[in-house]
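Observations on chain architecture
Here are the chains, one letter per residue:
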Amino acid sequence: MSCPIGCYDCCMKCLGGVPYCSLVATLLCFSGIALFCGCGHQALTEMERLIERYFARNLQDYSTLAYLIQYFQYVIYFLASFFFLYCIVLLAEGFYTTSATKQTFGEFRSTLCGRCLSSTFILITYLLVVVWLLVFAFSALPVYFFYNMDTTCHTITVLTEKNPASINQLCIDARQYGLLPWNALPGKACGMTLSTVCTTREFRLTYDLYIATFAGAGITLLALLTYMVSTTYNFALLRYLGRKGVGTRC
């Protein structure tokens, strides 16, 4: 399409047609989901190794945990694919309904289908925000577990110099967190054994991965909230155009 005005003015008008709110939300969503899915998948794998090596002796004790970890990893694959497609769709919807596009390319028709589509996106995004709030809270649980474990190890290190006999009373019981059944043996690590576990590669790597997973869940939640604002504004814009008589047919 030829541009009758200067190249600079044409480029500025094209840039003015970009839905920046939706674009920022898309970038946030991509980065958040990449962190959550990538680090979460690896964190689950490392956690299974940690439980298997230091908290359980028999395969039957952690077979249920291993099954759940495998299940959650499949869920992660689905989440990565779903959010990638959904973010692309929301970004496209943002390009369609932005008022800057209307100013750049002239009057467009505010159709009934367009308004229905925007209201549908609002409802879906709202439901995703509610669901992702639960995911965000759930992703904090392993961080809490490893934080308690790291704090207990630090306490053991301090007490070793003052009262070595008391460190055996300090334990982390994986059964209390629902990671293992109550009949699992040993199911817990105490004293210097626990302190040794905290210095292993598996513990540090898993702890860092769960922190990154939690951060990814928070970034994704922020992206969904930004999408809610964007889609609500887009819906309000289409309703306004419909009332002004800028097309109503589908």
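Basis of the calculations
Residues numbered from 1 in each chain as written. Predicted model: local features only at pLDDT ≥ 70, side-chain atom pairs only at ≥ 80, totals over all residues. Heavy atoms only, no water. UniProt positions renumbered as here; feature names shortened; annotations may be inferred. Salt bridge = Lys/Arg side-chain N within 4 Å of Asp/Glu carboxyl O. Helix = DSSP H or I, 4+ residues; strand = E, 2+ residues; numbered from the N terminus. Buried < 20%, exposed > 50% of the residue type's maximum accessible area, 1.4 Å probe, protein only. Disulfide = S-S within 2.5 Å. pLDDT = per-residue confidence, 0-100. Contact = heavy atoms within 4.5 Å. Core = buried A, V, L, I, M, F, W, Y, C linked by side-chain atoms within 4.5 Å. Patch = residues over 30% accessible without salt bridge, like charges linked within 9 Å, V, L, I, M, F, W, Y side chains within 5 Å. Areas by Shrake-Rupley, 256 points an atom, 1.4 Å probe, with all protein chains shown as cover.

Going by the annotation in an unreviewed UniProt entry, the name recorded for the protein chain is Proteolipid protein 1a, with Oncorhynchus mykiss given as the source organism. Its UniProt record gives the protein chain the following Subcellular location (unreviewed entry) comment, quoted word for word: "Membrane". As its UniProt record puts it under Sequence similarities (unreviewed entry), the protein chain is described as follows: "Belongs to the myelin proteolipid protein family."

1. Quick look at the pattern of salt bridges
Taken as a whole and assessed by the stated rule, the structure comprises 5 salt bridges. For Glu202, the salt bridge identified is with Arg53, shortest N-O distance 2.4 Å. With Glu202 in helix 7 (residues 201–243) and Arg53 in helix 2 (residues 20–54), this residue pair connects regions lying 149 residues apart in the sequence. Judged by relative accessible area, which is 52%, Arg53 ranks as exposed. The partner of Asp150 in a salt bridge is Arg204, and the shortest N-O contact between them spans 3.0 Å. Placement of Asp150 in helix 5 (residues 112–162) and of Arg204 in helix 7 is noted, with a sequence separation of 54 residues between them. For Asp150, a relative accessible area of 22% gives the class partly exposed. Using a relative accessible area of 37% as the deciding quantity, one classes Arg204 as partly exposed. Through salt bridges that share partners, Glu46, Arg49 and Arg201 make up one connected network.

2. Some words on the UniProt feature "transmembrane region" (unreviewed entry) in the protein chain
UniProt's entry tags residues 20–44, 74–96, 117–141 and 209–229 with the feature "transmembrane region" (unreviewed entry), counted in the numbering of this structure. Helix makes up 100% of residues 20–44 and strand 0%, with an end-to-end C-alpha separation of 35 Å. A distance of 30 Å separates the end C-alpha atoms of residues 209–229, which is 100% helix and 0% strand.

3. Description of the state of the cysteines
In total, this model carries 2 disulfides according to the counting rule given. One disulfide bridge connects Cys153 with Cys198, the sulfur atoms lying 1.8 Å from each other. When the S-S torsion is 65°, as for the bridge of Cys153 with Cys198, the disulfide is right-handed. Within this pair, whereas Cys153 is found in helix 5, its partner Cys198 is found in helix 6 (residues 191–198), the two being separated by 45 residues in sequence. For the residue pair Cys153 and Cys198, the accessibility class agrees, reading buried in each case.

4. Some details on unusual backbone geometry
Negative phi characterises most residues that are not glycine, and trans characterises most peptide bonds. Cis geometry marks the peptide bond from Leu185 to Pro186, where omega comes out at -5°. Looking at the secondary structure, you find Pro186 in the loop between strand 1 (171–173) and strand 2 (188–190).

5. Quick look at the confidence of the model for the protein chain
If pLDDT is low for a region, its predicted coordinates should not be looked at in detail. When pLDDT is averaged across the protein chain, the result is 81; 79% of the residues are at 70 or more. Confidence over residues 103–110 falls short of pLDDT 50; this stretch has 24 contacts with residues more than four positions distant or in other chains. Per-residue pLDDT stays below 50 along residues 246–250; that stretch engages in 20 contacts with residues further than four places along the chain or on separate chains.

6. Quick look at the side chain of Glu202
Residue classification places Glu202 among the buried residues on the basis of a relative accessible area of 10%. Glu202 has contacts with Glu46, Leu50, Arg53 and Tyr54, leaving out every residue within four places of it along the chain.

7. Quick notes on the environment of Leu222
Along the chain, Leu222 falls in helix 7. In sequence terms Leu222 and Val129 are 93 residues apart; their C-alpha atoms lie 9.1 Å from each other.

8. Observations regarding the nonpolar core
Membership of the largest hydrophobic core comes to 52 residues, with the highest contact counts inside it found for Ile51, Phe55, Trp132, Phe146, Met149, Leu180 and Leu194. Of all elements in the fold, only helix 2, helix 3 (59–97), helix 5, helix 6 and helix 7 reach the threshold of two or more residues within this core. Residues contacting Phe55, with those up to four places away along its chain left out, are Leu50, Met149, Ile172, Ala174, Leu180, Leu185, Pro186, Gly187, Lys188 and Ala189.

9. Things to note about a nonpolar patch on the surface
Together, Tyr67, Leu68, Tyr71, Phe72, Phe138 and Leu141 make up an exposed nonpolar region whose accessible area comes to about 640 Å². When residues in the nonpolar patch are grouped by element, the largest group, 4 residues, is from helix 3. You can see Phe72 is positioned in helix 3.

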